[in-house]
Every structure is written in structure tokens, then in C-alpha cells.
Amino acid sequence: QVQLVESGGGLVQTGGSLRLSCTASGGTFSTYTMGWFRQAPGNEREFVAAITRNGGNTVYKDPVKGRFTISRDNAKNTVYLQMNSLKPEDTAVYYCAADKVYYRLATIAPEYDYWGQGTQVTVSS
């Protein structure tokens with residue numbers, strides 16, 4: 001069973017930066033497509049970014065393009081989300097997820113097999 005643990009969330013002012021990390025254990029990290037999702041209070045969980053198993057391809061939700069960067073280090077079983085120029089509307093619980101179907105860049109939650117517990121990101125105005 002794959003376990004995912006996120007870290008790096010916190011409180012930041014508008015325009016600030018945070019780097020989220022998600023470390024995997026119990027599986028073969030390098031074979032999974034990895035994604036980041038977020039969920040704000042009262043909203044559905046929404047896709048943020050995803051990266052293929054070798055890091056060669058990425059996809060982003062439009063509102064975060066140019067501000068967020070997803071990357072991974074397979075030697076450390078870790079995926080990252082660098083978030084710059086943060087806005088209050090980025091406030092949410094951020095989740096990482098793993099998709100066993102490595103050849104796709106899934107952008108919807110049901111296509112992911114494993115989930116972390118989430119880390120809170122709060123951007124103050």
C-alpha cells in the first residue's frame with residue numbers, strides 16, 4: 001500500500017511563495033504519475049498540476065500556470081509543488097496523489113489511486 005505524506009504548507013502573504021513536498025513510501029514511486037489537487041472550504045477538490053513518472057511532461061490548471069511548478073525527485077520518492085506569486089484564492093488544503101496508470105497525465109481526481117492527508121495553505125490579503 002502506498003502512503004503519501006505532504007508537508008510545507010503554512011500561512012503566507014499575498015505575493016509570497018511556498019514549496020510543498022510529498023514523500024511516498026510502500027510503492028514504486030518512479031512508476032507513478034503524480035498530481036497535486038486542492039480543496040477550499042465549500043468547494044470540490046480541483047486539479048492543480050501533474051507530472052509524468054520521468055518528469056518529462058507536466059500539465060497545470062490554467063489559473064496557476066506561470067506561478068506554480070511541479071517537479072519530482074525519484075531518488076527521494078518525492079514530488080514538489082513550488083508556488084510563487086500566491087493569491088488569496090490559492091488558499092486551500094493541498095493534496096498530492098499517485099496514479100498507477102503511468103502513461104497518462106490525469107487531471108481528474110477519480111483517476112488517482114493513492115492520496116495524502118493534505119496540507120493547509122493560507123494566503124492572507
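Conventions used here
- Residues numbered from 1 in each chain as written.
- Predicted model: local features only at pLDDT ≥ 70, side-chain atom pairs only at ≥ 80, totals over all residues.
- Heavy atoms only, no water.
- Helix = DSSP H or I, 4+ residues; strand = E, 2+ residues; numbered from the N terminus.
- Polar contact = N/O pair within 3.5 Å; in protein donor to acceptor, adjacent residues only side chain to side chain.
- Contact = heavy atoms within 4.5 Å.
- Phe/Tyr/Trp six-rings, centres within 6.5 Å; stacked < 30°, edge-to-face > 60°.
- Buried < 20%, exposed > 50% of the residue type's maximum accessible area, 1.4 Å probe, protein only.
- Lys NZ or Arg CZ within 6 Å of the ring centre and 35° of its normal.

Description of the side chain of Arg67
Here is step 1: As for its position among the elements, Arg67 is in the loop between β6 (58–60) and β7 (68–73).
Here is step 2: Polar contacts involving the side chain of Arg67 include one to the main-chain carbonyl oxygen of Ser85, which spans 3.0 Å.
Here is step 3: Within the structure, the side chain of Arg67 is placed 2.7 Å from the side chain of Asp90, a separation counted as a polar contact.
Here is step 4: Excluding residues that lie within four positions of it along the chain, Arg67 makes contacts with Gln82, Met83, Asn84, Ser85, Leu86, Lys87 and Asp90.

Regarding the packing of aromatic side chains
By convention here, two paired aromatic rings are described through the distance between centres and the angle between planes.
Here is step 1: Overall, the coordinates contain five aromatic pairs when judged by the stated rule.
Here is step 2: Plain terms: the ring middles of Tyr32 and Tyr114 are 6.1 Å apart, the flat faces sit at 55° to each other, and that makes the pair tilted. With Tyr32 in the loop between β3 (18–25) and β4 (33–39) and Tyr114 in strand β10 (residues 114–115), the pair connects residues that are 82 residues apart, well separated along the chain.
Here is step 3: Assessed through its relative accessible area of 9%, Tyr32 is described here as buried.
Here is step 4: A relative accessible area of 14% places Tyr114 in the buried class.
Here is step 5: Clustering of aromatic rings is evident, with ring pairs tying together Phe37, Phe47, Tyr112 and Trp115.
Here is step 6: For the cation-ring pair, Arg45 lies above Tyr95, with the distance from its terminal atom to the ring centre recorded as 3.7 Å.

So, unusual backbone geometry
For residues besides glycine, phi is generally negative; the peptide bonds are generally trans as well.
Here is step 1: At Asn77, a position not held by glycine, the phi torsion is positive, near 55°.
Here is step 2: Within the secondary structure layout, Asn77 lies in the loop between β7 and β8 (78–83).
Here is step 3: Taking relative accessible area as the criterion, Asn77 reaches 28% and is therefore assigned partly exposed.
Here is step 4: Although it is not a glycine, Ser85 sits at a positive phi angle of roughly 50°.
Here is step 5: Position of Ser85 relative to the elements: it lies in the loop between β8 and β9 (92–99).
Here is step 6: For Ser85, a relative accessible area of 41% puts it in the partly exposed group.

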